[in-house]
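Read off the chains here:
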Amino acid sequence: MQLPAIDRINLGHLPTPLEYLPRLSRLLGGPNIYIKRDDCTGIAGGGNKVRKLECLLADAQKQAADTIVTQGAIQSNHVRQTAAACAKLGLSCHVLLEDRTGMGDDEFYANGNVMLSQLLGAEVESYPGGTDMNAMMSRKSHALEECGKKPYIIPGGGSNSIGGLGYVIAADEIVNDARSLNIEIDHIIQATGSAGTQAGLTSGLLYLGHNISVTGISVRFPQAPQHEKVYGLAQEILQRLDAPKEMPSENIIIDDRFIGEGYGIPREDTIDAIKIFARTEGILLDPVYTGKGAAGLIQVIKEGKFDKSDNIVFLHTGGAQSLPGFRPAFDLAAVQRMKA
Ligand SMILES: *Cc1c(COP(=O)(O)O)cnc(C)c1O
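Residues numbered from 1 in each chain as written. Predicted model: local features only at pLDDT ≥ 70, side-chain atom pairs only at ≥ 80, totals over all residues. Heavy atoms only, no water.

Caption draft 1: The side chain of Thr280, seen in detail. With respect to the helices and strands, the residue Thr280 is situated in helix 10 (residues 268–281). Only 2.7 Å separates the side chain of Thr280 from the backbone oxygen of Ile276, close enough to count as a polar contact. (Helix = DSSP H or I, 4+ residues; strand = E, 2+ residues; numbered from the N terminus. Polar contact = N/O pair within 3.5 Å; in protein donor to acceptor, adjacent residues only side chain to side chain.)

The following block contains the structure:
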């Protein structure tokens, strides 16, 4: 089956590479590990939100919007990528940041994605954890309308059925990658948060008729609510595609064992996984999403879930731009200041 035409604009550096990780595969002594480099989508550091924004901003342009309103956590990668895409398209960008953890040092509130989003020209406001961010976005949107603007609201993480289409297209891309590498992919592992990536990917694979299973390593919610979020969104995406099939509930696999204390709080295995990827493959992960996803990948392999001949793809969804905001979590010494 081929995908129907999907409205999108060209923002990213696509297709991204699908690469074999020989040293990591050897280190873990398990299946062959490949990585889909969606950290290389371009746009001010890249990441998975670029694909969603290609579809969302196509819709915003169709509605003649001149201003984007969105929200995210303090170190939001989605916000950085949205700010960059808006700059590129000449749209103004208003972002609402939620302080979900209420912890972190000065760097957490000023460096990493906060600095980059400001540098990219976004207007940034922050709110305490637990704020109804959707209500705040519609309030902001109304205020902008009163000033004569035409705002378009992008939900957190770009995760609605339009944004999810970006990962329907990515499913097709991954299938083509496998064909050109002459491999059969058995399983995909990714971090899941606002759900659009996993919902889009599983919908795309189902639509195209490929039974590659996908595991989402949850970074925020327990298994049941995260399953509901991804499953619900996948059904909406399939409806939008006029798909002849419905998503089987068991196609949505969520593993919630790597969240730790909560969203945005790295655990020891998160930091270890980041160091392993950095030091065996030269690949930077992040403490909020991909570090937890990779901790899940490593643990699942250790549990012997895969055959040695299996081909596993880790979807690198980006995020390394937040690393400077999390420096104390890494226990790395500053070099000594030398006086001239
Ligand atoms: C947003 C994000 C995710 C999660 O993707 P969702 O579509 O929100 O589930 C994973 N990794 C990184 C680096 C992200 O920024």
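Caption draft 2: Inspection of the pattern of salt bridges at higher detail. All told, the structure shown has 13 salt bridges when counted by the stated rule. For Glu303, the salt bridge goes to Arg257, with nearest N and O atoms at 2.7 Å. Separated by 46 residues along the polypeptide, Glu303 in the loop between helix 11 (290–302) and strand 10 (311–316) and Arg257 in the loop between strand 9 (253–255) and helix 10 bring together distant segments of the chain. A cluster of three or more residues bridged by salt bridges with shared partners is formed by Lys36, Asp38, Arg51, Glu173 and Asp177. (Salt bridge = Lys/Arg side-chain N within 4 Å of Asp/Glu carboxyl O.)

Caption draft 3: Broad picture of the site of the ligand. Close to the ligand lie 16 residues; Lys49, Lys52, Ser194, Thr197 and Thr317 are nearest. In this structure, Asn48 approaches the ligand through a side-chain N or O atom, which is 3.0 Å from an oxygen atom. A total of 380 Å² of accessible area belongs to the ligand in isolation, and the protein chains cover 99% of it. Among the secondary structure elements, those contributing two or more residues to the shell around the ligand are helix 2 (49–62) and helix 8 (196–208). Here the residues of the shell around the ligand are counted per class, giving two nonpolar, eleven polar and three charged. (Near = heavy atom within 4 Å. Areas by Shrake-Rupley, 256 points an atom, 1.4 Å probe, with all protein chains shown as cover. Nonpolar A, V, L, I, M, F, W, Y, C, P; charged D, E, K, R; others polar.)

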